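Chain residues, written in single-letter form:
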Amino acid sequence: MPGIIETISLIVSSLATTTLAANALYLGTSALIYGGLALGAAALQGAFASKPAVPKPDDGSYNLKQSVPSLAYVLGRAKKGSDYVFLEEVGGKAHHIMVWAGHRIQGFVQHYLHDDKVTLNADGGVTDPGHYDKDGVSFVHIKTKLGLNAETAYSEVVTAFPTIWNNNCRGDGLASVYMRVSTVDQKDFLDVFPNQMPEHSAVGDGALLCDPRKDSTQGGSGSHRYNNPSTWEFSTNLALMRLWHLCHPVGGKMAYENMYLPDWANAANVCDQNVTNRSGGTEKRYHGGFWFRASNDPIEVGRIMDEAAELVVYERADGKIGVHAGEFVTPDVRLTAENVYSIRVDKNKRRANTVLGVRGRYVNTAKDYITEDAAIYGDPYAVVDDNTERTRTFENAAIQSHNHCQRKQKLTFVRANARRVSVVADYTADGARDIPYRRFVTLHYPSRGLAEAVVEITSSVTIDLRNMHISFSGILVNSNLYSFNAATEEGEPGESVEPLPDSGVPVPVDFSATIQTEVVSGGATAAFINATWDFVDDTLTYELEYDRTSGSTGVQSVFSEAGATQVRSGYLVDGEEYKVRLRAWGGGSKSEWTAYIFLTATADPVAPDPVSGVSVTPAAGQAEFQWTAPNSANYYACRIYINTVDDLGTATLAATEYGPPSATDLRVVTSLAAGTYYGWLRSINPSGVPGTAVATGSFVVT
């Protein structure tokens, strides 16, 4: 071929004899953020087979049921569902075992059932939301395992299914969740499980990462060792995630020995720098979290981290893999007009290419890890011209901060509108051979308006050894490329829609209950309860529950018609006291009960006429009372009251004598101490409604 050789072929002459050969294509695409700064990849992309796209954060809101799911990997903190490995039911209990991540994790932070955050007791029982816990019994239990190298089987499943699940079913190296769901009574099903079978998801801290800054054998300080994962720690540092991914079988499949760790330590330091957000708080410059599957394209996974942390992975002249951190570095390579064979400057002022604003989307951890729109950076309505590219959208699954997203939106805006240059220079010029390993170079070409201009290289660097030329393209930037004043530049994030809490079926409003009567067969009257309430909705029905306060007959209930505002009970036992309450039903679920109302059943509210011919004959320790019953059809009995003072209100009921109307009757009251007494006789009907009391006057018992 002609003497134009891609940089990758030049910088490592021993590439074919090293373990890096298998990774050359992979690394080549890591610079695609800026068009391939270090390793030319444009001509190599076709070598990769199409793989599934990296899942969006919202894709993890459900649990996956399929035969052989691809393992999930979690870096940083993320919210996701799981992959089912076991689901069986026995004895009214459903046993779920789900794999949350295909590796050891730091731990689970928050469990969710559907969209509800849940609180667990010491036994793993769900106590909040309260509908999963009825009368102190938790109908959902959740337990977890972190994915240690040697795990233990879930004993509950081993006990329930000894023929298909034993102690060898440990799930070594798999972070898993066990959920047991118990059956409830049919009438309570939708109260306990308003969304049917609970759907579990969780926020968790993912993989442990090697930090070269904590490895005393690599110039750091600490016990980390890249060849001993048990010494690693959890981190949300994006540079450490990228290092892990390059050296993991689901990523670059490279060895830590082939990584230039001082570069990675510097990149991790840059990611850990403190920045101030719009609220005045402090956060880390490039931290985040996301998850992906082993089947996802490793180049796409790497691009997410590179883009979020402003990383550019490249291969050094010594064959090791280095990284340019997300910071401005003063160029140490300077090209002048004498060293440049040709130059093309594009002012990039065409309206069709001008970006007026950048829209951003990020994962809002404060709102249950939903993907949310950030404030627009720029002014998309500044120019009225349909040919103008008004906005560009920036979205990254690993960014979990509005400030972080805004900083990336600004960089997107600056780079989209920056002047572009293409340079062909003398390969033998001072420092020119270092250009493939640099992110920024200085270009001094005054005749083209470039006085000590800083160029950020955004393309593959091409070397023509036949003509000893080196060529590249880039954009013109300045030293404050990464500067960001949150107080003035970070906009206010928009409001996202938050789901309202399920208020359930409304409690009946203005509930009232009264005793009413009606004539039944034979001309007798019977009492019943009539309940009323305010109308709410046509779809609601109401349940009236009533019971004797004595508890002698048990609870009874009746249901109204849908949309009705009253309901009546069955016939009551005359003279008994009842407690009454009401609740609403809708969609198979029910409201809370109203407070009790206490009523006494009265079938006949009409009082009989008073007794007549009242007299009393005292004797030793007793008194004989005589009377004539009234000629009232509803006369039922006569009550005798006695007191030592002339006050009916404090008198004691001494006896009740039953008899027919119009009859002459008597009753002897015994066990009276000697003294002066006062008596009253009072007629009652079968419902206990009294007539007027008739006094006997005073009498003396000897």
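Because the structure is predicted, anything quoted here is derived from the model rather than measured. (Residues numbered from 1 in each chain as written. Predicted model: local features only at pLDDT ≥ 70, side-chain atom pairs only at ≥ 80, totals over all residues. Heavy atoms only, no water.)

### Points about the pairing of strand 4 (residues 83-90)
Right, so step 1: Across 7 bridges, strand 4 lies against strand 5 (residues 93-101) in antiparallel orientation. Following the sheet pairing, Leu87 is matched in strand 5 by His96.
Right, so step 2: The turn linking strand 4 back onto strand 5 is made up of 2 residues, and Gly91 within it adopts a positive phi angle of 60°. (Pairing = 2+ DSSP bridges. Helix = DSSP H or I, 4+ residues; strand = E, 2+ residues; numbered from the N terminus.)

### Things to note about the pattern of salt bridges
Right, so step 1: Counted under the stated rule, the structure contains 33 salt bridges.
Right, so step 2: With a closest N to O distance of 3.5 Å, Arg361 and Glu395 form a salt bridge. Separated by 34 residues along the polypeptide, Arg361 in strand 24 (residues 357-364) and Glu395 in strand 27 (residues 391-395) bring together distant segments of the chain.
Right, so step 3: Look at Arg361 and you get partly exposed, because its relative accessible area is 25%.
Right, so step 4: Assessed through its relative accessible area of 37%, Glu395 is described here as partly exposed.
Right, so step 5: Residue Arg439 pairs with Glu456 through a salt bridge whose shortest N-O separation is 3.6 Å. Residue Arg439 is located in the loop between strand 28 (420-426) and strand 29 (440-445), and its partner Glu456 is located in strand 30 (residues 450-457); the two are separated by 17 residues in the primary sequence.
Right, so step 6: Its relative accessible area of 0% is what places Glu456 among the buried residues. (Salt bridge = Lys/Arg side-chain N within 4 Å of Asp/Glu carboxyl O. Buried < 20%, exposed > 50% of the residue type's maximum accessible area, 1.4 Å probe, protein only.)

### Focus on the sheet that holds strand 3 (residues 77-80)
Right, so step 1: Read across the open sheet, the 4 strands follow the order 3-14-6-7; overall the sheet is antiparallel. Strands at the two margins of the open sheet, each flanked by one partner only, are strand 3 and strand 7 (116-117).
Right, so step 2: Both strand 6 (residues 107-113) and strand 7 contribute to a ladder of 2 bridges, which runs antiparallel. Pairing of Leu113 across the sheet is with Asp116, part of strand 7.

### Quick word on the environment of Gly222
Right, so step 1: Inspection of the secondary structure assignment puts Gly222 in the loop between strand 15 (208-209) and strand 16 (233-234).
Right, so step 2: Each C-alpha atom of the pair Gly222 and Asp211 lies 9.4 Å from the other, and the pair is 11 residues apart in sequence.
Right, so step 3: Non-local contacts of Gly222, meaning those with residues more than four positions away in its chain, are made with Lys214, Asp215 and Ser216. (Contact = heavy atoms within 4.5 Å.)

### Some points on the packing of helix 5 (residues 238-246) against helix 6 (residues 261-271)
Right, so step 1: Here helix 5 crosses helix 6 at 145°, and the two axes come no closer than 7 Å. Listed contacts from helix 6 to Leu238, Ala239, Leu240, Arg242, Leu243 and Leu246 of helix 5 are Leu261, Trp264, Ala267, Ala268 and Cys271.
Right, so step 2: Grouping the amino acids of the contact of helix 5 with helix 6 by side-chain chemistry returns 10 nonpolar, no polar and 1 charged. (Axes fitted to C-alpha atoms, helices over the stretch in contact; angles between N-to-C directions. Nonpolar A, V, L, I, M, F, W, Y, C, P; charged D, E, K, R; others polar.)

### Description of the side chain of Gln409
Right, so step 1: Looking at the secondary structure, you find Gln409 in helix 8 (residues 402-417).
Right, so step 2: Gln409 sits in the buried class, given a relative accessible area of 0%.
Right, so step 3: Polar side-chain contacts of Gln409 include one of 2.9 Å to the side chain of Gln406.
Right, so step 4: Dropping the residues within four chain positions of it, Gln409 is found in contact with Val358, Arg359, Gly360, Ala374, Ala375, Ile376 and Tyr377. (Polar contact = N/O pair within 3.5 Å; in protein donor to acceptor, adjacent residues only side chain to side chain.)

### Here's the deal with the pairing of strand 34 (residues 525-532)
Right, so step 1: The element strand 34 is extensively covered by neighbouring structure, given that 6 of its 8 residues are classed as buried.
Right, so step 2: The pairing of strand 33 (residues 512-519) with strand 34 spans 8 bridges and is antiparallel. Residue Val519 lies in a different strand from strand 34, and its bridge partner there is Thr525.
Right, so step 3: Sheet topology note: the strand 34/strand 37 (residues 566-568) ladder contains 3 bridges and is antiparallel. Directly across from Asn530, in strand 37, lies its bridge partner Arg568.

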